[in-house]
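Structural overview
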Amino acid sequence: MFCICKNGENMKKEIKYILFMFIILLALFSFQLLFHNKDYNDTLPEVKLKEKIEKEKAFAIMLSKDGSNYQKYESDEWPDDKYKFKEAKCVDNKGNLVDNAVGFDNKTKTVILETDKTLSCTLYFDHKETIEILRDNDNNNVLSTDIVGGMYRYQGVGNKEQEDETHKIVDNNYICFGTDKKEECINNKDKYMYRIIGITKEGQLYLIKMKGIEEGEDKRFQWNSKYDLTECEGETCEWPNVDIYKRLNGETSNGNPVFINNPRYEYMQEENDWYKKIEKHNWLYGDVANGLEKTTLDGEIIYGSTNNGLIIYDIETGVKPTRTYDYQQQKYVKHQWSAEKSIDAKIGLMYLHDYYLAYDNERNWRLNYDTNNWIFVDNNNNTASVSYEWTISRVGYQNEGNGTAWSIHLNGQVVSNGFGTRPIVRPTFYLTTDNKIKNGIGIIDDPFILDVI
């Protein structure tokens, strides 16, 4: 027998249609036997369906979020496009397993059943991998096909007017965090809306808050209150010890917590299930030399900020050396990022390379800059009184008197700012790999919604 069962509200009717076709084909099969063995004038025997087959006996659908624990699916609709067909297991009315009786077209949501027996089948569906869902909704092909700077990244511009032949709009990486209710997220974008910077090959989503954090009426924050060399000896003004790191990660330091344990973001309370969705990540930290493409120092080539994002990534992961200014020696010295200077924490800020690579692999944001990058704060419903923001990456002291860190300026250029200035702060974090997208297509009016498990 051959039949096609399609998705939709008419599934029950189509099951009846299958049974009807079964009767017709059985009758034709009986007629064919008579044709070969009897005269034409013989009377055809009456064909009756001996047992009514209920839908529940004919088909069962089982869903799994992790590929192993399957739960019965009760709806008359086929599972949505976040699930993909895995296999079907069918038995006949004697309990015998029937192989290869069922096929499934994931695109058209159509079951193809080929058999001459009465069967009961169980269809198994697995939740798609997160990257499969992202690519299903990547009509502009802005999610990189190759690993770029440690992950698959969204790369392109912030609005339609900025598009060119090679840079398309990134408008499909919006995701809600802190609520699984679409309307609540859309109506409270300041609080719940995020953007996906990228996804690691292991399946970790890397998010940045769409709009800057707020504390009361304050939307701007210091990187650190200490900045003079005499106050910043040793490790005092390195990332794990500065004010903004501590305040983002739930500690008090020249102010109260502004993200973790901030009552404004109740989902970032440590006992909250949403907080538990965030992976503790190993954040490397260090300096990136200002105003430098590459030079030779003590016979070794070193690099600085005046490069493309791939080289900046190599600096910020310790592959390529850079330089910093040593005030005790009164000269530039080699500086290389390493695991010795890293901290396990929930919350960080975007790196310098995150900004560069959000546009493409080649743009040099020190020399060639504009406001087109999708990750630029003004392309993300910025309502603060300024249009520049902090990164996690430090410039250091160079040959200046005060400590500086890298920020994104209002014209899109990466610039150094003194620790004590007050740009916007947008937290970044990694999700655990067991997080699943259950709804949405990634646009701002229909963002991805995470499953609450």
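Since we're looking at a predicted model, the values are computed, not measured.

Our next topic: the sheet that holds strand β22 (residues 414–418). The three strands are arranged β20-β21-β22 in an open sheet whose pairing can be described as antiparallel. Here the strands that pair on one side only, and so sit at the sheet edges, are β20 (389–396) and β22. Between one strand axis and the next, the sheet turns through 40° on average, direction left out of account. In this sheet, strand β21 (residues 404–408) lies alongside β20 in antiparallel orientation, the contact comprising four bridges. Bridge assignment links R394 to a residue of β21, and that residue is A405.

Close approach of charged atoms lets side chains of opposite charge pair. According to the stated counting rule, one finds 22 salt bridges in the structure shown. Between D370 and R363 there is a salt bridge, with its nearest N and O atoms 3.4 Å apart. Residue R363 is classed as buried on the basis of its relative accessible area, which comes to 11%. Through salt bridges with shared partners, a single ionic network connects D180, K181 and K438.

The next subject is empty space enclosed by the protein. Enumeration over the complete set of coordinates arrives at three cavities of 30 Å³ or more. Quantified by volume, the second largest cavity comes out at close to 80 Å³. If you go around the second largest cavity, the residues you meet are K211, G212, I213, E214, K219, V377, N382, T383, A384 and I424. Of the residues contributing to the lining of the second largest cavity, the split by class is four nonpolar, three polar and three charged.

So, on to the nonpolar core. Formed by 90 residues in total, the largest nonpolar core has its most connected members in F177, W239, L248, F259 and M268. Examining the composition of this core, we find that five residues originate from one element, strand β11 (residues 193–199), more than from any other. Not counting chain neighbours up to four residues away, the residues in contact with F177 comprise Y192, Y194, L207, Y267, M268, W274, K277, I278, F429, L431 and L450. Judged by nonpolar contacts, the second largest core, of 16 residues, contains F59, L63, V98 and L119.

Taken together, five strands build an open sheet; the order of strands is β3-β2-β8-β4-β5 and the sheet is mixed. Looking at strand neighbours, the two that pair on one side only are β3 (70–72) and β5 (97–98), the edges of this open sheet. For strand β4 (residues 83–92) and strand β8 (residues 119–127), the ladder comprises nine bridges, and the chain directions are antiparallel. Directly across from E87, in β8, lies its bridge partner Y124.

Each value, and the rule that gives it
Residues numbered from 1 in each chain as written. Predicted model: local features only at pLDDT ≥ 70, side-chain atom pairs only at ≥ 80, totals over all residues. Heavy atoms only, no water. Pairing = 2+ DSSP bridges. Helix = DSSP H or I, 4+ residues; strand = E, 2+ residues; numbered from the N terminus. Axes fitted to C-alpha atoms, helices over the stretch in contact; angles between N-to-C directions. Salt bridge = Lys/Arg side-chain N within 4 Å of Asp/Glu carboxyl O. Buried < 20%, exposed > 50% of the residue type's maximum accessible area, 1.4 Å probe, protein only. 1 Å grid on protein atoms, 1.4 Å probe; cavity = no way out; pocket = protein on both sides within 12 Å on 5 of 7 lines; lining within 4 Å. Points joined across faces, edges and corners; volume = space filled by probe spheres on them. Nonpolar A, V, L, I, M, F, W, Y, C, P; charged D, E, K, R; others polar. Core = buried A, V, L, I, M, F, W, Y, C linked by side-chain atoms within 4.5 Å. Contact = heavy atoms within 4.5 Å.

Everything listed here is a matter of coordinates, which is why it stays silent on function.
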